[in-house]
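Structural characterization, general
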Amino acid sequence: MKSFFILTDLEGPSGVDSFTQTRPGDGYPERVEAAKKLLAREVNACIEGIRSVYPEARVDVWDGHGPGGLVAEDVIGGRYLREGKPYKQLDGFDALLFVGQHAMAGTFNAPLNHTYSSKTIAYYKLNGVFIGEFGARALIAGVQGVPTVFLSGDDKAALEARMFVPEIETAVVKQGQGIEAAIHLDGEEACRIVREGAARAVRRTADIAPFTGISAPYVLEIGYLEPPQKDMQGPGIEWINDRTVRIRRDDIRDFPL
Ligand SMILES: [Zn+2]
């Protein structure tokens, strides 16, 4: 039986281009609840695409948005996961797919771009390479032998994905025009391209190599927008200045990525 893991985020679906739609604390919780519906329909389109090729597949769906980006009951045909970082244990999975992904912090005209925290992080560099959530998690999957075969999100997120995984299938559901601006595909059209892209992707799983292009040992440099509380201390952790830290680890899964 085929098994697929879908990693989701709330910034990337069609119809989402304002942080008020992704941050419940910004004062518009009803906008966040509406955005969760936009993500769910694209997640379900992805599951439909997978099932159009492998009707019996196991499909796990991890809600990767910090404060929550999906309502469990809205996910149809997949197992909703929320706790922990289950993509660090992909034994038995055939491929990883991203739905609703945004570009890394600092990307020009990329809607809602950020790296892990939209409020505190300027950049991440891994062994000298700028990375965001896509690159980091594609690498985590890659070292486990699992290829990353699909991404849906904005056009800049898709370009970023192809930088790391040139053969990846992508579905561009909006064109970024600024940090909080995009031209969106109509919802049905977005779901159609997600469904068709996911189907193509899972058919091509065997042709897409796991991403392992950044090799151990690893140095992760984190640049903060403002000096953080320097509570991160310990073996392999070195503060370069008051807003830059370098962390050394042998296993990519030992980082908070
Ligand atoms: Zn994110």
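This text follows the structure it describes.
What you see is a predicted model; the values in this text were computed from it and never measured. (Residues numbered from 1 in each chain as written. Predicted model: local features only at pLDDT ≥ 70, side-chain atom pairs only at ≥ 80, totals over all residues.)

Remarks on the overall build of the protein chain
Which entries qualify depends on this criterion: Where helices and strands are cited, they refer to DSSP runs of H or I of at least four residues and of E of at least two residues respectively, numbered from the N terminus. With C-alpha atoms as the basis for the radius of gyration, the globule rule is written as 2.2 Å multiplied by the number of residues raised to the power 0.38. For every residue, the other C-beta atoms within 10 Å of its own C-beta are counted; 20 or more classify it as buried, 12 or fewer as exposed, and values in between as partly exposed. C-beta atoms are placed from the backbone. C-beta atoms are first placed from the backbone for all residues, and any pair lying within 7 Å is then listed as a contact.
Helix and strand content of the protein chain: four helices and 12 strands. Compactness check: the protein chain gives a C-alpha radius of gyration of 17 Å against a globular reference of 18 Å for 257 residues, within 12% of the reference. Put simply, the protein chain has 257 residues, and 45% of those count as buried. Partitioning the contacts of the protein chain with sequence separation of at least 6, the portion at a separation of at least 24 is 68%.

Some points on the environment of F211
Position of F211 among the secondary structure elements: in the loop between α4 (187–203) and β10 (218–224). Owing to 24 C-beta atoms within 10 Å, F211 belongs among the buried residues under this scheme. Sequence separation of F211 and I240 is 29 residues, and the distance between their C-alpha atoms is 29 Å. Every residue in contact with F211, bar those within four places of it in the chain, is listed here: A138, L139, G142, T148, F164 and V165.

Points about the sheet that holds β10
Inclusion rule: For two strands to count as paired, DSSP must find a minimum of two bridges between them. Inter-axis angles, ranging from 0 to 180 degrees, are taken between N-to-C directions of lines fitted to C-alpha atoms, where helices are fitted over the stretch in contact.
One open sheet holds the five strands; their spatial order is β6-β5-β10-β12-β11, and the pairing between them is antiparallel. Across the chains shown, the open sheet's two edge strands, defined by having one partner strand only, are β6 (129–131) and β11 (237–241). The sheet shows a mean angle of 25 degrees between the axes of neighbouring strands, taken without regard to direction. Looking at chain direction, strand β5 (residues 121–126) and β6 are connected through three bridges and run antiparallel. Looking across to β6, one finds that L126 is bridged to V129.

Re the nonpolar core
Selection rule: Remark: nonpolar core denotes a set of buried Ala, Val, Leu, Ile, Met, Phe, Trp, Tyr and Cys residues whose joining runs through C-beta atoms within 7 Å.
In terms of nonpolar packing, the biggest core is built from 68 residues, with I6, V43, C46 and L97 touching the most fellow members. Of the residues forming this core, the biggest block, 10 residues, is contributed by helix α1 (residues 29–53). With residues near it in sequence (within four places) discarded, L97 still touches F4, I6, C46, V149, F150, A198 and A201.

A few points about the packing of α1 against α4
Counted only if it meets this: By convention, the crossing between two helices is left-handed when the near helix turns anticlockwise from the far helix through less than a right angle, and right-handed when the turn is clockwise. Note on residue classes: Ala, Val, Leu, Ile, Met, Phe, Trp, Tyr, Cys and Pro are nonpolar, Asp, Glu, Lys and Arg are charged, and everything else, Gly too, is polar.
In contact at an axis separation of 7 Å, α1 and α4 are set at 40 degrees when each is read in the N-to-C sense. Read as a crossing pair, α1 and α4 show a hand that is right-handed. Between α1, through R41, E42, A45, C46, E48, G49, I50, S52 and V53, and α4, the contact on the second element is made entirely by G187, A190, C191, V194, R195, E196, G197, A198, A199, V202 and R203. The residue inventory of the contact of α1 with α4, partitioned by class, reads 10 nonpolar, four polar and six charged.

A few points about unusual backbone geometry
Omega for the peptide link from A216 to P217 comes to 0 degrees, which places this bond in the cis form. Summarising the element assignment, P217 is placed in the loop between α4 and β10. A positive phi angle, close to 55 degrees, is found at N109, a residue other than glycine. By the element assignment, N109 lies in the loop between β4 (95–101) and β5. A residue is classified by how many C-beta atoms lie within 10 Å of it, and N109, with 16 of them, is partly exposed.

Overview of the pairing of strand β1 (residues 3–8)
In terms of burial, β1 is a largely internal element, five of the six residues being buried. Sheet topology places β1 next to strand β2 (residues 58–63); six bridges connect them, and they run parallel. Residue pairing across strands places I6 opposite V61, the latter belonging to β2. Direction of pairing for β1 relative to β4: parallel, over a ladder of five bridges.

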